[in-house]
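One-letter residues, chain by chain:
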Amino acid sequence: MSKVEEFEELRPLLFSIAYRILSSVGEAEDAVQETSLRFDASATEPTSTKAFLSATVTRISIDVLRSARVRREEYVGPWFPEPLLSDPYQNPARSAELADSVSVAALLLLERLSPLERAVFVMREVFAFGFDEIAAAVGRSEAACRQLLVRARRHMEAGRPRFEADRQERQELATRFFDALKDGDVGGLQELLAADVQFVGDGGGKAPQLAKALVGAENVARVLGTVFPWLIRIDVTCEPHEVNGQPGAIFRDRDGKVLHTLALDVLDGRIQTIRAVINPDKLGHIGPVADAWAVDRELKQARRRSN
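Okay, so let's go over this structure.

## Focus on the packing of aromatic side chains
No. 1: One pass over the full model with this rule turns up five aromatic pairs.
No. 2: Relative to Phe 52, the ring of Phe 39 has its centre 5.9 Å away and its plane inclined at 45°; by these criteria the two rings are tilted. Of the two residues, Phe 39 sits in helix α2 (residues 25-41) while Phe 52 sits in helix α3 (residues 49-73), which places them 13 residues apart along the sequence.
No. 3: Judged by its relative accessible area of 2%, Phe 39 is buried.
No. 4: For Phe 52, a relative accessible area of 25% puts it in the partly exposed group.
No. 5: Here Phe 177 and Phe 178 contribute two aromatic rings whose centre-to-centre distance is 5.1 Å and whose plane-to-plane angle is 75°, an arrangement assigned as edge-to-face. Side by side, Phe 177 and Phe 178 carry an identical accessibility label, which is buried.
No. 6: The side chain of Lys 3 reaches across the aromatic face of Phe 39, ending 4.6 Å from its centre.
No. 7: The residue whose ring lies beneath Arg 275 is Phe 80, and the NZ or CZ to ring-centre distance is 5.9 Å.

Take a look at the structure:
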């Protein structure tokens, strides 16, 4: 197998490692590309190509994350990961861990960790690398990596997200939710929401959004049930799609451009959290991005004309 073939075979794994460390599709793709360049430039043949490439992409991701943390501290409003529509790496033996670890809730928890803790946690808990491989990747001793993992686990256990175990039930509830959303069925929406449900949007100051998070089934159902039928009237479409391993949807304008995504956390037969990514900088990897301000103006004009 050539170096190119070896790399392409491992590309899905490398991207999945980088995305979980960085929470950014674009930055993860850049980290994988830089890994490829370093692999091409390496004159020595590694004992294990998988270990070499995984270590390389991890080190690159740690460096990128350190600089990204400053930008995130200055971010306008709530910050969410870039939506991931599908994880390219699949391992049937670890499918549950892979799906849960890429959820928005899990990635937000990972933000509490230091870059080293995050890398060690991802490599060990999600991808089951040995401590010798992790130590080589992060430049610490195996004993230090074990301590980093203990600290990371402590932080993660305090708020570890839980999701509906039955994926089919979760998807059926999401289907009912989006049907009620399109119909403006406020009562139907409220029945599907947890009493303390939260609806939060990430616009980064670059798109129209709610001034603050909405909390409570009645409030969330009323706002969603009022606004979204008007979006449908101005030809916005709702395309159900898994987002970060959870039920969700992509909303597009009349030209098919991406307006925003929604991701749903489902537990105990109710939707616990609804997260919208509206920041256009986080949507470009999905496709051409809509002008959210123009859609907002058209929405307001349509509602004024009806009054």
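Read on for the rest.
## Re the pairing of strand β4 (residues 248-252)
No. 1: The element β4 is largely enclosed, with a buried count of five among its five residues.
No. 2: Burial of β4 is two-sided: the residues Gly 248, Ile 250 and Arg 252 facing one way and the residues Ala 249 and Phe 251 facing the other way are all buried.
No. 3: Note that strand β3 (residues 237-240) and β4 share four bridges and pair antiparallel. Bridged to Pro 240 within β4 is Ala 249.
No. 4: Of the pairings in the sheet, the one linking β4 to strand β5 (residues 258-267) comprises five bridges and is antiparallel in character. Considered in β5, the bridge of Phe 251 is made with His 260.
No. 5: Where β4 folds back onto β5 in an antiparallel hairpin, the turn is made up of five residues, including Gly 256, whose phi is positive at roughly 85°.

## Observations concerning a negative patch on the surface
No. 1: On the surface, Asp 179, Asp 183, Asp 185 and Glu 191 cluster together into a patch of negative charge.
No. 2: Positionally, Asp 185 belongs in the loop between α9 (167-183) and α10 (186-192).

## Quick word on the nonpolar core
No. 1: In terms of nonpolar packing, the biggest core is built from 48 residues, with Tyr 19, Phe 127 and Val 138 touching the most fellow members.
No. 2: Listing elements by their share of this core, those giving two or more residues are α1 (3-22), α2, α3, α5 (104-110), α6 (115-126), α7 (131-138) and α8 (142-159).
No. 3: With ten residues, the single largest contributor to this core is α1.
No. 4: Look past the residues within four positions of Tyr 19 in its chain and what remains in contact with it is Ser 24, Val 25, Ala 28, Pro 81, Glu 82, Pro 83, Leu 84, Val 102, Leu 107 and Asn 244.
No. 5: Membership of the second largest hydrophobic core comes to 38 residues, among which are Phe 178, Ala 217, Val 220 and Phe 228.

## Details of the environment of Glu 218
No. 1: Following the sequence through the fold, Glu 218 ends up in helix α11 (residues 217-233).
No. 2: Separated by 72 residues in the primary sequence, Glu 218 and Arg 146 place their C-alpha atoms 46 Å from one another.

## Quick notes on the packing of α2 against α3
Between two packed helices, the angle of one axis relative to the other and the distance separating the axes together describe the packing.
No. 1: For the pair α2 and α3, the least separation of the axes is 9 Å and the interaxial angle reads 135°. The pairing of α2 with α3 is recorded here as oblique in orientation. Between α2 and α3 the crossing geometry is right-handed. On the side of α2, the interface is formed by Glu 27, Ala 31, Val 32, Glu 34, Thr 35, Arg 38 and Phe 39, while α3 contributes Thr 49, Phe 52, Leu 53, Thr 56, Val 57, Ile 60, Ser 61, Val 64, Ala 68, Arg 71 and Arg 72.
No. 2: Taken together, the residues of the contact of α2 with α3 sort by class into nine nonpolar, four polar and five charged.

## What about the environment of Gly 248?
No. 1: For Gly 248, the location among the structural elements is in strand β4.
No. 2: Sequence-wise, Gly 248 and Gln 171 are 77 residues apart; in three dimensions their C-alpha atoms are separated by 9.0 Å.
No. 3: Apart from residues no more than four positions distant in its own chain, Gly 248 is found in contact with Phe 178, Pro 240, His 241, Glu 242, Val 243, Leu 262 and Ala 263.

## As for empty space enclosed by the protein
No. 1: A complete count under the given rule lists one cavity of 30 Å³ or more for this structure.
No. 2: Approximately 40 Å³ is the volume attributed to the largest cavity.
No. 3: Phe 80, Pro 81, Pro 83, Val 104, Val 243, Asn 244, Thr 261, Ala 263, Arg 275 and Val 277 are the residues that line the largest cavity.
No. 4: If you list the elements that add at least two residues to the lining of the largest cavity, you get β5 and β6 (270-277).
No. 5: Its residues placed into classes, the lining of the largest cavity shows seven nonpolar, two polar and one charged.

## Thoughts on unusual backbone geometry
Both trends apply: most residues other than glycine have a negative phi, and most peptide bonds are in trans.
No. 1: With phi around 60°, Ser 23 is a residue other than glycine that occupies positive phi space.
No. 2: Mapped onto the elements of the fold, Ser 23 is located in the loop between α1 and α2.
No. 3: Among the residues examined, Ser 23 registers a relative accessible area of 1% and is labelled buried.
No. 4: Residues other than glycine seldom take positive phi values, yet Asp 268 does so here, at roughly 55°.

Definitions and limits used
- Residues numbered from 1 in each chain as written.
- Predicted model: local features only at pLDDT ≥ 70, side-chain atom pairs only at ≥ 80, totals over all residues.
- Heavy atoms only, no water.
- Phe/Tyr/Trp six-rings, centres within 6.5 Å; stacked < 30°, edge-to-face > 60°.
- Helix = DSSP H or I, 4+ residues; strand = E, 2+ residues; numbered from the N terminus.
- Buried < 20%, exposed > 50% of the residue type's maximum accessible area, 1.4 Å probe, protein only.
- Lys NZ or Arg CZ within 6 Å of the ring centre and 35° of its normal.
- Pairing = 2+ DSSP bridges.
- Patch = residues over 30% accessible without salt bridge, like charges linked within 9 Å, V, L, I, M, F, W, Y side chains within 5 Å.
- Areas by Shrake-Rupley, 256 points an atom, 1.4 Å probe, with all protein chains shown as cover.
- Salt bridge = Lys/Arg side-chain N within 4 Å of Asp/Glu carboxyl O.
- Lys, Arg positive; Asp, Glu negative; His and termini not counted.
- Charge placed at Lys NZ, Arg CZ, Asp CG, Glu CD.
- Core = buried A, V, L, I, M, F, W, Y, C linked by side-chain atoms within 4.5 Å.
- Contact = heavy atoms within 4.5 Å.
- Axes fitted to C-alpha atoms, helices over the stretch in contact; angles between N-to-C directions.
- Parallel < 35°, antiparallel > 145°, perpendicular 65-115°, else oblique.
- Left-handed = near helix turned anticlockwise from the far one by under 90°.
- Nonpolar A, V, L, I, M, F, W, Y, C, P; charged D, E, K, R; others polar.
- 1 Å grid on protein atoms, 1.4 Å probe; cavity = no way out; pocket = protein on both sides within 12 Å on 5 of 7 lines; lining within 4 Å.
- Points joined across faces, edges and corners; volume = space filled by probe spheres on them.

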